[in-house]
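Reading the structure
Below, each chain spelled out in residue letters.
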Amino acid sequence: MAMVRLEQVSKRYGSVAALSAVDLSVDKGEFVTLLGPSGSGKTTLLNLIAGMVAASSGKVFIRDRDVTDVPPSQRDLGMVFQNYALMPHMTVFENIAFPLRVRKMPSAEVRAKVEDVLRLVQLPDVAQRKPRELSGGQQQRISIARCLVYNPSLILMDEPLGALDRKLRDQMQLEIKRLHGQLGITVLYVTHDQEEAMVLSDRICLMNQGRIEQLGKPAELYFHPATPFVATFLGESNLLDVTLVTAEPAAVVRGPGGCAIRSEKQVSMAVDASLRMLVRPEHLRPLAQSESACNEVSGIVSNVIFIGGITCYFVQLPDGTVITSRRLTEGAGPPAAIGSPIRLGWSAANTVLFPAGT
Amino acid sequence: MATAAMGRPGSKGDLPILLAPVTALLVLVFFVPLSFVLFYSVYDNGLTAKAFVSLAKSTLFLRVLGTSFDIALSATAVSLLLGYPIALHLARQPPRRRALLMILVLLPFWTSILVKSFAFYIILGNQGIINQALRWVFGEAAAVKLLFNRVGVIVGMSHYLIPFVVFPALASLLAQNPDLRRAAQIMGAGPVRIFLRITLPLSMPGVIAGGLMSMVISLGVFVTPTLLGGKADMMMANLIDFYTRDTLDWNTAAAIAVILLALSGILIAMLSWVRRDDGVA
Ligand SMILES: Nc1ncnc2c1ncn2[C@@H]1O[C@H](COP(=O)(O)OP(=O)(O)OP(=O)(O)O)[C@@H](O)[C@H]1O
Ligand SMILES: [Mg+2]
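Now for a description of the structure that goes with this document. This structure is a prediction, so every number in the text was calculated from the model and none was measured.

So, how was this worked out
- Residues numbered from 1 in each chain as written.
- Chains lettered and ligands numbered in written order.
- Predicted model: local features only at pLDDT ≥ 70, side-chain atom pairs only at ≥ 80, totals over all residues.
- Heavy atoms only, no water.
- Salt bridge = Lys/Arg side-chain N within 4 Å of Asp/Glu carboxyl O.
- Helix = DSSP H or I, 4+ residues; strand = E, 2+ residues; numbered from the N terminus.
- Buried < 20%, exposed > 50% of the residue type's maximum accessible area, 1.4 Å probe, protein only.
- Pairing = 2+ DSSP bridges.
- Axes fitted to C-alpha atoms, helices over the stretch in contact; angles between N-to-C directions.
- Contact = heavy atoms within 4.5 Å.
- Near = heavy atom within 4 Å.
- Polar contact = N/O pair within 3.5 Å; in protein donor to acceptor, adjacent residues only side chain to side chain.
- Areas by Shrake-Rupley, 256 points an atom, 1.4 Å probe, with all protein chains shown as cover.
- Lys, Arg positive; Asp, Glu negative; His and termini not counted.

1. Concerning the pattern of salt bridges
Counted by the stated rule, this structure contains 20 salt bridges over all chains. Residues R5 of chain A and D64 of chain A are paired through a salt bridge, measuring 3.7 Å at the closest nitrogen-oxygen approach. Highlighted residues: R5 of chain A in strand β1 (residues 2-13) and D64 of chain A in the loop between β4 (57-62) and β5 (65-66), separated in sequence by 59 residues. We classify D64 of chain A as partly exposed; its relative accessible area is 46%. Here D70 of chain B and R150 of chain B are joined by a salt bridge, their closest N and O atoms 3.1 Å apart. Here D70 of chain B, found in helix α4 (residues 59-91), pairs with R150 of chain B, found in helix α8 (residues 150-174); they are 80 residues apart in sequence, far enough to count as distant. According to the relative accessible area criterion, D70 of chain B is partly exposed, its value standing at 40%. The exposure class of R150 of chain B is partly exposed, given its relative accessible area of 28%. What you see here is one network of salt bridges that share partners, running through R166, R169, D170, D193 and E196 of chain A.

2. A few points about the sheet that holds strand β20 (residues 352-355) of chain A
Residue and element names in this part refer to chain A. The strand order across the open sheet built from five strands is β13-β12-β11-β14-β20, with neighbouring strands paired in antiparallel fashion. The open sheet is flanked by β13 (260-262) and β20, the only strands paired with a single partner. Across the sheet, the axes of successive neighbouring strands diverge by a mean angle of 45°, strand direction being ignored. Pairing between strand β11 (residues 238-246) and strand β12 (residues 252-254): three bridges, direction antiparallel. Directly across from T246, in β12, lies its bridge partner V252.

3. Quick word on helix α2 (residues 92-102) of chain A
What sets the pattern is the α-helix's 3.6 residues per turn: residues three or four places apart point alike. Within α2 of chain A, nine of the eleven residues are buried, which leaves the element mostly enclosed by the surrounding structure. Turning to α2 of chain A, its buried residues number three or more, namely V92, F93, N95, I96, A97, F98, P99, L100 and V102 of chain A. Its buried side turned inward, α2 of chain A meets α3 (107-120) and α4 (136-148) of chain A together with α9 (178-186) and α10 (191-219) of chain B. Remark: K104 of chain A follows α2 of chain A within two positions and exhibits a positive phi of approximately 60°.

4. Here's the deal with the site of ligand 1
Residues and elements named next belong to chain A. With respect to spatial proximity, 13 residues lie near ligand 1, and among them S38, G39, K42, T43 and T44 are the closest. At 2.4 Å, a side-chain N or O of S38 approaches an oxygen atom of ligand 1. Here an oxygen atom of ligand 1 sits 3.0 Å away from a polar atom, N or O, in the main chain of G41. Summarising the interface, the protein chains cover 59% of the accessible area of ligand 1, which totals 630 Å² for the free molecule. Sorting the residues of the shell around ligand 1 by element identifies β2 (16-27) and α1 (42-50) as the ones contributing at least two each. Per-element accounting of the shell around ligand 1 gives the leading share, three residues, to α1.

5. Some points on the environment of F39 of chain B
Positionally, F39 of chain B belongs in helix α2 (residues 14-41). Along the primary structure F39 of chain B and G83 of chain B are separated by 44 residues, whereas in three dimensions their C-alpha atoms are 40 Å apart.

6. Notes on the side chain of E159 of chain A
All names here are of chain A. Tracing the chain through its elements places E159 in the loop between β7 (154-158) and α5 (166-183). Put simply, E159 is tucked away with no salt bridge, and the nearest opposite charge, on K42, sits 4.9 Å away. Among the polar contacts made by the side chain of E159, one reaches the side chain of H192 at a distance of 3.3 Å. In contact with E159, other than residues within four places in its own chain, are K42, Q82, V190, T191 and H192.

Quick look at the structure:
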């Protein structure tokens, strides 16, 4: 069953279209991340589901109930805020008990539930403290506990780790992942950190300018990006302008310097059409003299950067474009010197083609 | 402002020079007279505490002290009851509109207290607007006495005090993180619960500060009880006036002034304590 479903939801602020005709559905137990650059409409989408902003058009369903005109307090949701939003004048216990008191639960049950959930977030001894007596990471755990305790249909999180430092973020990501796995909760999570999205999500909803650019499993978005925007937003990428030579059964294109580049997919376009081609830096392999690969380009090494376990090669092609190859560092000393010629190879499976102008 | 100026390198030396004129003025019009008052309270042909001793036994003084607190507390309570909803309303307006409405709240300050008191004659008097309306609706017997009694004093004082209550309350309402209310809403809380459990308790420092300020001001009030009150509404300042001008007993007058000062001092100490606590929270 879909916990939340959006149908053609749009939101305009004056002349700005914050969201344009978005369709999205999150299933029970799923962890979906809204990922995208600043201003792409992630917070707007979340607030629309929460009922904090009204849709200009379209419908919102929670557990198949139309809640488009239902106030936030009647939507049975939980929300985790970036600034924690814990009540400063209440103890941790009172904070977590708040939603239960709203639901008129008897005190004995409240006490038991609060204790359980504090154990779940691994902070069993802080019940009598005020929020300001806790660290940022601990406060965020409490604010997550406050959502878990009343078991809402869907938990919304808007950049919940944005205020924490790198190390604590990594730790909290794993913590959230553990809670999701253990409790089977449904989460819609906002971030602009692609790595965080990859770590946490069952599915990623990549947003751009108020639209869903692509929605799918992290690996799908990474290996089969629908647009160059998705390709560049997730991970490193080399994008080249190419021309179609053969469309079927597997497309062949002409790349920089006239070399033929093979892919495994067919393209429904006319021969000589302009295309954009993606190949990930980690798929580009420097070739030894004796070696050959399905696809090859040759150029001059313009720079080599050693980053511990990984070495990056910047290679200038005959037409001037620079492409990057990332390899695991093996042995000592650079295998290719700056200024020396180099051939890079990759397999047809790693060639991704897009229509030009996307 | 002051901290910014002090924080600027090289500007530290300017500060004493800039503060000199105001310091001189304060010494002249505040510290010198105050020293005289302190001196006269314990001097009557030689050092003596007799003024304080006889005040402690004076039924007149004790009654006036009681009346003063009674009036100050009632006026403060009325101001809080009327001022808090105003602060709440202001806090919910967009900033531009709020700035405009704040000017309206300050409007009473633009008129002299004397002029305002006479305006109250026109509104509250026996032939005033309210009583004429009452007579017109309910007949001759419906007229009520609103002037030259406690009601007149409380109305006049609340009118003056409301801004002093509104601004501290507004400050602590605006300091609240709006996400707290959103979070409570999403957790299912209705508007009444959100107000009682979140908005109101978090605004208490401002309410207490406004209340204390209003107490300090109303304890020292002189004109309003004189013009709008009756015989029974004599307050401390009126008693001081009585001793200085009618009986020429400067010793007792000064002693009352010192007691008034001490009471205000205690309230102001409580005020700064509330403020400090507010800052930590
Ligand atoms: N209250 C508002 N009034 C006018 N425009 C708004 C309002 N809220 C958002 N917008 C606009 O809507 C668009 C989407 O904003 P939104 O806050 O959803 O972005 P976001 O993806 O959450 O960005 P970020 O990563 O910076 O938080 C932006 O262009 C923003 O300027
Ligand atoms: Mg946002």
